[in-house]
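A look at the structure
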Amino acid sequence: MKAMKNEMPEGFLQKYRNGKRKEVKYIPLKLGFLKLEYDVCDNPGILSLVSFVLEDNDEAMAVGPRLEMNLTPDATGDVVTFITENGVSGLQWSNGRVFWGHTYDDDSPPSEGKTISLEEWIDECVDKMINPDDDEIAERKRLDRE
């Protein structure tokens, strides 16, 4: 059972898509922070990584999956992956659909997926990220102590 629920208003991508070059923002929540990193990919000042962290410092590791974004200045060809920090598979949004994928090369067809707008899907992912299971939080704290 979760002790408290973190909340973010809808419209996350519209509000935070653009920032400053090499900027890192920490949005405080009831528990932890949402860490936003800009300019990690090749698009200056555009959001690249979103993760839920317990502390507002550069060394803090993500709790659970994070959003790895390849956003373009004109919003055409945007690709966003919801994946754990060192994961090899996760959910990916591209061309209006979310599907399961992985980093291995194979000949299997992509999963069917679901149709959803990028903005709506990111709002869903952010809500999942900022409200991890208590076990995930306990594991992150244990690893941070080691």
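Use the structure listed above.
Structural notes, computed from the coordinates. (Residues numbered from 1 in each chain as written. Predicted model: local features only at pLDDT ≥ 70, side-chain atom pairs only at ≥ 80, totals over all residues. Heavy atoms only, no water.)

**Some remarks on the overall build of the protein chain**
- From N to C terminus, the protein chain includes 3 helices and 8 strands.
- Listing the helices and strands of the protein chain from first to last along the sequence gives α-β-β-β-β-β-β-β-β-α-α.
- Residue burial in the protein chain is summarised as follows: out of 146 residues, 40% are buried.
- Of the contacts formed within the protein chain by residues at least 6 apart in sequence, a portion of 40% connects residues at least 24 apart.
- If you sum the accessible surface of the protein chain, you get close to 8,900 Å²; carbon and sulfur atoms cover 50% of it. (Helix = DSSP H or I, 4+ residues; strand = E, 2+ residues; numbered from the N terminus. Buried < 20%, exposed > 50% of the residue type's maximum accessible area, 1.4 Å probe, protein only. Contact = heavy atoms within 4.5 Å. Areas by Shrake-Rupley, 256 points an atom, 1.4 Å probe, with all protein chains shown as cover.)

**Regarding unusual backbone geometry**
- Positive phi, normally seen in glycine, also occurs at A75, with a value near 65°.
- In this structure A75 comes out as partly exposed when scored by relative accessible area, which is 44%.
- In this structure, N95 takes a positive phi of about 50° despite not being glycine.
- Along the chain, N95 turns up in the loop between β6 (89-94) and β7 (97-102).

**Some details on the packing of aromatic side chains**
- Summed over the entire model, instances satisfying the criterion amount to 3 aromatic pairs.
- Here F12 and Y16 contribute two aromatic rings whose centre-to-centre distance is 5.0 Å and whose plane-to-plane angle is 40°, an arrangement assigned as tilted. Placement of both F12 and Y16 in helix α1 (residues 12-16) is noted, with a separation of 4 residues, approximately one turn of the helix.
- Of the residues examined, F12 reaches a relative accessible area of 1% and is grouped as buried.
- Residue classification places Y16 among the buried residues on the basis of a relative accessible area of 12%.
- Ring geometry for Y26 against F33: centres 6.4 Å apart, planes inclined by 90°, an arrangement best described as edge-to-face.
- For Y26, a relative accessible area of 23% puts it in the partly exposed group.
- The exposure class assigned to F33 is buried, which follows from its relative accessible area of 18%. (Phe/Tyr/Trp six-rings, centres within 6.5 Å; stacked < 30°, edge-to-face > 60°.)

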